[in-house]
Amino acid sequence: NGPDDVWAVGEQATILHLSGKKWVSVPAGIAATRPGRELEGGGTLTPQNDLLGVWSSGGTTWAVGGPEFPDEGFVLRSTGGAFTPSLPAVKGRLLCIWGSSARDVWAAGNNGVLVHFDGTAWTSAPRQTTEALNSLWGSGPSDVWAAGNSGTLLHYDGKAWSIAATRSDGVIYKVFASSPQDVWATGYGPLRHFDGTSWQSVHVGSSALLQGVWASDASHVWLAGENGTIMRYDGRAWEKSPSGTKA
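Residues numbered from 1 in each chain as written. Predicted model: local features only at pLDDT ≥ 70, side-chain atom pairs only at ≥ 80, totals over all residues. Heavy atoms only, no water.

Engineer: Give a detailed account of the overall build of the protein, specifying residues and quantitative values.
Structural biologist: The helix and strand inventory of the protein stands at 0 helices and 25 strands. Compactness check: the protein gives a C-alpha radius of gyration of 18 Å against a globular reference of 18 Å for 247 residues, within 12% of the reference. C-alpha atoms of the protein, sized along the principal axes, occupy 50 × 45 × 40 Å. The contacts of the protein with a sequence gap of at least 6 include a subset with a gap of at least 24, amounting to 31%. (Helix = DSSP H or I, 4+ residues; strand = E, 2+ residues; numbered from the N terminus. Rg over C-alpha atoms; globule rule 2.2 N^0.38 Å. Contact = heavy atoms within 4.5 Å.)

Below you can see the structure in the form of structure tokens.
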């Protein structure tokens, strides 16, 4: 929401909120783990209620996630108070969430699951793929992208989802759009860019696996990845930006 209102989520139902200059742990309203399950051949597995995505707007904050086993997902919601479940468990761990407003929210995850909240209720969208969808982003309610495994890229035009051709089969970790004519997708293989007409591969001058992308506009784009790699684009060329870490 702003530099003094930032959310982060993680394993075992972890939710952190930066309010002002201090990070505070926020109760998720669910247990960190689930009852242990006996495994064939001996031993037990304790599933974790991991949170994998968060999105906030206008005083409403959403968090999505789920255990690795069983493969199911859930949505938590807060309007300023406690987080509570907002969606009954769906088949497929939810990995990401994005919205254009509190009345237009999308969540996606394993097995190509896509669900939408219209301000009143959640509904499932027809699945376009069985691949995991790792990231969601858009420039508005009629321009939403979902990216995932095996080079999967889906686009929503306000009416229906469709498959976009990317000529790549590598995992896409993140997709980000600053406008309908400026969309970036990063993961295994070359960086991909959509100019409003077609997707093209972009060489950035780094062999590192780049797993994050953010842009304020077409002339201010940032990539982040392994070994502390950060790349910056100024509208003309890519250059490496010192991060001070090798992590």
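Engineer: Please set out the pairing of strand E19 (residues 182–187) residue by residue, giving values where relevant.
Structural biologist: Of all the 6 residues making up E19, 6 are buried; the element is thus mostly covered by neighbouring parts of the structure. With burial as the criterion, each face of E19 is covered, one bearing Asp182, Trp184 and Thr186 and the other bearing Val183, Ala185 and Gly187. Relative to E19, strand E18 (residues 172–179) is paired through 6 bridges, and the arrangement is antiparallel. By the bridge assignment, phenylalanine 176 is partnered in E19 with tryptophan 184. Counting the residues between successive antiparallel strands, the hairpin from E18 to E19 contains 2 residues. Examined bridge by bridge, E19 and strand E20 (residues 191–194) share 3 bridges and lie antiparallel to one another. Along E20, the bridge assignment pairs tryptophan 184 with histidine 193. Connecting the antiparallel pair E19 and E20 is a turn made up of 3 residues, with glycine 189 showing a positive phi of about 90 degrees. (Buried < 20%, exposed > 50% of the residue type's maximum accessible area, 1.4 Å probe, protein only. Pairing = 2+ DSSP bridges.)

Engineer: I'd love a proper account of the sheet that holds strand E13 (residues 122–124), names of residues and values included.
Structural biologist: Hydrogen bonds between backbone atoms are what pair the strands of a sheet, whose relative direction is either parallel or antiparallel. As summarised here, the arrangement of the 4 strands in space is E10-E11-E12-E13, forming an open sheet in which the pairing is antiparallel. Of all strands in the sheet, those bounded by a partner on one side alone are strand E10 (94–101) and E13. Taking each pair of neighbouring strands and ignoring which way they run, the sheet shows an average axis angle of 20 degrees. In terms of strand pairing, strand E11 (residues 104–109) meets strand E12 (residues 114–117) through 4 bridges, oriented antiparallel. Looking at the pairing, alanine 108 lines up with leucine 114 of E12. (Axes fitted to C-alpha atoms, helices over the stretch in contact; angles between N-to-C directions.)

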